[in-house]
Amino acid sequence: MCGIVGYIGPKACAPILLEGLRKLEYRGYDSAGLAVHDGKHIEVVRAVGKLGNLSDALDKHPMKGTLGIGHTRWATHGRPNEVNAHPHVAGGVAVVHNGIIENHLALRHDLEQQGVKFLSDTDTEIVAHLIDRARRTSKLELFDAVRRALQQVQGAYAIAVICETAPDTIVVAKSASPLVIGFGQGEVLCGSDIPALLAHTRDMIFLEDGELAELRPDKVRIETLEGKPVDRPAKRIDWSPVMAERGGFKHFMLKEIHEQPRAVEDTLRGRINLTGGDIHGTEIGLPPEFARDTGRVYFVACGTSHHATIAGRYWIEQLARIPAVVELASEVRCRDPVFTPNDLVVAVSQSGETADTLAAVRAAKAQGAKVLAIANVLDSAIPRVADAALYTHAGPEIGVASTKCFTTQLAALLMLAVYLGRRRGTLDETRARDVLQALVEVPNHMRHVLAQAPYLLGIAKRIVHAPDVLFLGRGLGFPIALEGALKLKEISYIHAEGYAAGEMKHGPIALIDESTPVVVVCPKDALYDKVLSNVQEVRAREGRVFAVATNGDSVIADLAEHLFLIPEVRDEVLPLLTVLPLQLLAYHVADLKGTDIDQPRNLAKTVTVE
Ligand code: AGP
């Protein structure tokens, strides 16, 4: 996830672009840059790190001009350094991009065959070259050259493009990533999100997928990629600036909960071969022979990432039939564990910097194990130390309580299990295709589940005064019970425990009475009957049951005080849906209590201490 901005009008654009990028820094902040047309040439200034560094670079190197584009980056392809920072230039064309070009490897290969020399490792530079070539070889105007280039591109993009020979035009286009156009007095702006434009205008048009627009100071032309004109009136936006930074949501956590369909889509994009029922090996980064011969998968992680690894273990065992172990990274450091060169250690960490996980990785590597990192932050410490990295594409997560990083970790782990299962011959093409089909359908199911979010407020009101809450689940529901409890305690400060439902009778059952809310993850999966028995045990002791259940389940409806329903999906993908109501429940309980949801007490987003 990155932020892009553009300005064309009568004013000096560099300060306006920089200010716009400040409002988008929540989308990424590992490098930034501007491209400004001074009437004759395009000048580019880029800097690694937060926007302050770009601002310092602009002090040393002021940019003149009233037309320009800017970018703040969250690296997905290529390390976060100055060479990979946007804008990217090819010939006289400069491009900023938010998204992921799915077919970048094939396009890059083709362009290299035609003699193009790439300067960066990014997928975006390919787009700049495609536009430049369309413009020069087919003598196309910028608008048509962008259209021609995008016809070759698959994936997600919002782009803004300027060109040396078009000193009065910005061309923008969108597919899957957001792009807003704003109308000021004799000026037009564009950006990834409303806040970037709000200081200048409240009159905005939201570009739709498959559309491109030509921006000039006095007019905007919008067409579809196929060349059909689009006539869409501007909307008046009525947001306060603070609301706008959170996209209209009260907290970043709530915004991030609602971003999960997009985050999972981005994490799956370009990695799944549905026809062949497989995962593209280049995306996993493990040599196929190692994947085939691995003797054991050993997961290390902390907190929410640890919960994701518990689901990962179930998937690896079920689909790849490899012995799998899950361990809290902090405990690995406390023992003298035995790793072998035949082990695949999978280290999962959204930040990629967690000290305990990093130490566990180092211990494993020291004994010759191969390490695969699953991380959200490109080029962070854990993927750098690992032998291979599989990145989640959740974008920056600002809320300390992890939500979208968790579901993208689940998506990455399920892809890993399919990849290993296919290499080892334990997963046939038909079952793999069915699992992957279910996985690609998850974002749409998530959208339906999230659309019922306000209903959770009613349930939250019934839990907010409870001193303790118990969460139960079995199989793939167990890590979700743990995660639901962690979310609730992290942000509402209510004591909550997650248990494997089968363990209840070995102790926690003593806690159950008419005042204890018990949240049960009880979808209609292979373990449904067993979980239902646990629900009955709770009811027999007057416990109050709140269940996450499958649409149409009338049996649980009679037992539970409250239900939250999810659609019927394959068992393997259930955790990506069952966790959503629990995240929302924690959020609403905390909001009712008035806690500091995005920065709960005593916690930190990245834990770099032992
Ligand atoms: C999640 O809500 C927590 N903030 C925390 O448990 C977190 O998952 C843990 O610190 C691990 O972080 P990592 O994924 O960045 O390694």
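Scoring rules and cut-offs
- Residues numbered from 1 in each chain as written.
- Predicted model: local features only at pLDDT ≥ 70, side-chain atom pairs only at ≥ 80, totals over all residues.
- Heavy atoms only, no water.
- Helix = DSSP H or I, 4+ residues; strand = E, 2+ residues; numbered from the N terminus.
- Areas by Shrake-Rupley, 256 points an atom, 1.4 Å probe, with all protein chains shown as cover.
- Pairing = 2+ DSSP bridges.
- Axes fitted to C-alpha atoms, helices over the stretch in contact; angles between N-to-C directions.
- Core = buried A, V, L, I, M, F, W, Y, C linked by side-chain atoms within 4.5 Å.
- Buried < 20%, exposed > 50% of the residue type's maximum accessible area, 1.4 Å probe, protein only.
- Contact = heavy atoms within 4.5 Å.
- Near = heavy atom within 4 Å.
- Polar contact = N/O pair within 3.5 Å; in protein donor to acceptor, adjacent residues only side chain to side chain.
- Nonpolar A, V, L, I, M, F, W, Y, C, P; charged D, E, K, R; others polar.
- Phe/Tyr/Trp six-rings, centres within 6.5 Å; stacked < 30°, edge-to-face > 60°.
- Lys NZ or Arg CZ within 6 Å of the ring centre and 35° of its normal.
- Parallel < 35°, antiparallel > 145°, perpendicular 65-115°, else oblique.
- Left-handed = near helix turned anticlockwise from the far one by under 90°.
- Expected span 1.5 Å × (residues − 1).
- Disulfide = S-S within 2.5 Å.
- Salt bridge = Lys/Arg side-chain N within 4 Å of Asp/Glu carboxyl O.

**Q** Please clarify how the overall build of the protein should be interpreted in this entry.
**A** In terms of regular secondary structure, the protein is built from 21 helices and 27 strands. In the form shown here, the protein has an accessible surface area of approximately 22,900 Å², with 49% of it arising from carbon and sulfur atoms.

**Q** What is the right way to read the sheet that holds strand β20 (residues 343–349) from this model?
**A** To summarise the sheet geometry, strands pair through backbone hydrogen bonds and adopt either a parallel or an antiparallel arrangement. Ordered in space as β19-β18-β20-β21-β22, the 5 strands form an open sheet in which the pairing is parallel. Two strands close off the open sheet at either side, each with one partner strand: β19 (324–328) and β22 (388–391). With direction set aside, neighbouring strand axes in the sheet form an average angle of 20°. In terms of strand pairing, strand β18 (residues 296–301) meets β20 through 6 bridges, oriented parallel. Opposite Tyr 298, over in β20, you have Val 345 as the bridge partner.

**Q** How should I be thinking about the nonpolar core in this particular structure?
**A** Within soluble globular proteins, side chains that are nonpolar tend to cluster in buried spots. In this structure, Val 297, Ile 316, Val 346, Leu 420, Leu 439, Phe 471 and Leu 576 are the most contacted members of the largest nonpolar core, which totals 93 residues. In contact with Leu 576, other than residues within four places in its own chain, are Val 264, Thr 407, Leu 410, Ala 411, Leu 439, Val 442 and Met 446. Formed by 30 residues, the second largest nonpolar core is a distinct cluster that contains Val 116, Phe 118, Ala 134 and Cys 163.

**Q** Sorry, what's going on with the site of the ligand here?
**A** Near the ligand you find 15 residues, and of these Ser 305, Ser 349, Gln 350, Ser 351 and Thr 354 are the closest. Measuring from an oxygen atom of the ligand, one finds a side-chain N or O atom of Ser 305 at 2.5 Å. One of the backbone nitrogen or oxygen atoms of Val 400 is found 3.1 Å away from a nitrogen atom of the ligand. Its free accessible area being 410 Å², the ligand has 92% of it covered by the protein chains. Elements represented by at least two residues in the shell around the ligand include exactly α11 (303–320) and α18 (477–492). In the shell around the ligand, the residues fall into 5 nonpolar, 8 polar and 2 charged.

**Q** Could you clarify how one ought to interpret the packing of aromatic side chains in this entry?
**A** Any two aromatic rings considered together are summarised by their centre-to-centre distance and by the angle between their planes. A complete count under the given rule lists 3 aromatic pairs for this structure. On the basis of an interplanar angle of 75° and a centroid distance of 5.9 Å, the ring pair of Tyr 29 and Trp 74 is categorised as edge-to-face. Of this pair, Tyr 29 sits in the loop between α1 (13–23) and β2 (31–37) while Trp 74 is found in the loop between β4 (67–73) and β5 (88–90), placing the two residues 45 residues apart along the sequence. Take Tyr 29: its relative accessible area is 29%, and that puts it in the partly exposed class. In this structure, Lys 50 is placed above the aromatic ring of Tyr 29, and the distance from its NZ or CZ to the ring centre is 4.9 Å.

**Q** Explanation requested: the packing of α1 against helix α2 (residues 51–60) in the structure shown.
**A** Each pair of packed helices gets described by two things: the angle between the helix axes and the distance between those axes. Contact pair α1 / α2: the axes reach a minimum separation of 11 Å and the direction vectors enclose 170°. On the basis of their axis angle, the class for α1 and α2 is roughly antiparallel. Between α1 and α2, the contacting residues are Leu 18, Leu 21 and Arg 22 on the first element and Leu 51, Leu 54, Ser 55 and Leu 58 on the second. Residues of the contact of α1 with α2, tallied by class, amount to 5 nonpolar, 1 polar and 1 charged.

**Q** Is there a simple way to explain the packing of α18 against helix α21 (residues 574–593) in this structure?
**A** With their axes 9 Å apart at the nearest point, α18 and α21 run at an angle of 20° to one another. When the interaxial angle is binned, α18 and α21 end up roughly parallel. Between α18 and α21 lies a crossing of right-handed hand. Side by side, α18 and α21 meet where Ile 480, Glu 483, Gly 484, Lys 487, Leu 488, Ile 491 and Ser 492 of the first sit next to Pro 575, Thr 578, Val 579, Leu 582, Ala 586, Tyr 587, Val 589, Ala 590 and Lys 593 of the second. Partitioned by chemical class, the residues of the contact of α18 with α21 number 10 nonpolar, 3 polar and 3 charged.

**Q** For this particular structure, what's the right way to read α18?
**A** At 3.6 residues per turn, the α-helix brings residues three or four places apart onto the same side. Here α18 spans 22 Å end to end across 16 residues, near enough to the 22 Å set by a 1.5 Å rise per residue. Taken across its 16 residues, α18 has 14 buried, putting it largely inside the fold. Tyr 493 lies just past α18 and shows a positive phi near 65°.

**Q** Explain the state of the cysteines to me, please; I cannot follow it from the model alone.
**A** Note on terminology: a disulfide is the covalent bond linking the sulfur atoms of two cysteines. For the structure shown, the criterion picks out 0 disulfides. The thiol of Cys 163 is not disulfide-bonded; the next cysteine sulfur, from Cys 13, is found 16 Å away. With no disulfide of its own, Cys 302 lies closest to Cys 334 among cysteine sulfurs, the gap being 11 Å. Look at Cys 302 and you get partly exposed, because its relative accessible area is 21%.

**Q** Sorry if this is basic, but what is going on with the sheet that holds strand β1 (residues 3–8) here?
**A** Pairing within the open sheet is antiparallel, and its 8 strands lie in the order β3-β2-β4-β1-β10-β9-β11-β15. With partners counted over all chains shown, the strands left at the sheet margins are β3 (42–48) and β15 (235–236), one partner each. As paired elements, strand β11 (residues 203–206) and β15 share 2 bridges and run antiparallel to each other. In the sheet register, Met 204 faces β15, and the bridge partner there is Lys 235. Strand contacts of α2: β2 and β3, with the helix running at about 135° to β3, the strand carrying the most contacts.

**Q** What exactly am I supposed to notice about the pattern of salt bridges here?
**A** Any two side chains of opposite charge can pair if their charged atoms end up close together. By the definition in use, this model includes 37 salt bridges. A salt bridge links Lys 23 to Glu 19; its shortest N-O distance comes to 3.9 Å. With Lys 23 and Glu 19 both in helix α1 and 4 residues apart, the pair spans about one turn of that helix. For Lys 23, a relative accessible area of 27% translates into the label partly exposed. Given a relative accessible area of 36%, Glu 19 falls into the partly exposed group.

**Q** Would you explain α1 in this entry?
**A** Listing the buried residues of α1 in full gives Cys 13, Ala 14, Ile 16, Leu 17, Leu 18, Gly 20 and Leu 21. If you follow the buried residues of α1, they end up packed against β1, β2, α2, β4 and β10 (188–191).

**Q** I tried to follow the environment of Val 385 on my own but got confused; where do I start?
**A** Note that Val 385 resides in helix α14 (residues 381–385). Taking the C-alpha atoms as reference points, Val 385 and Leu 372, separated by 13 residues in sequence, lie 9.4 Å from one another. The residues contacting Val 385, other than those within four sequence positions of it, are Leu 358, Val 361, Arg 362 and Lys 365.

**Q** Teacher, can you tell me more about the environment of Leu 58 here?
**A** If you trace the backbone, Leu 58 turns up in helix α2. Since its relative accessible area comes to 10%, Leu 58 is described here as buried. C-alpha separation for the pair Leu 58 and Val 45, spaced 13 residues apart in sequence, amounts to 7.2 Å. Apart from residues no more than four positions distant in its own chain, Leu 58 is found in contact with Leu 18, Leu 34, Val 45 and Met 63.

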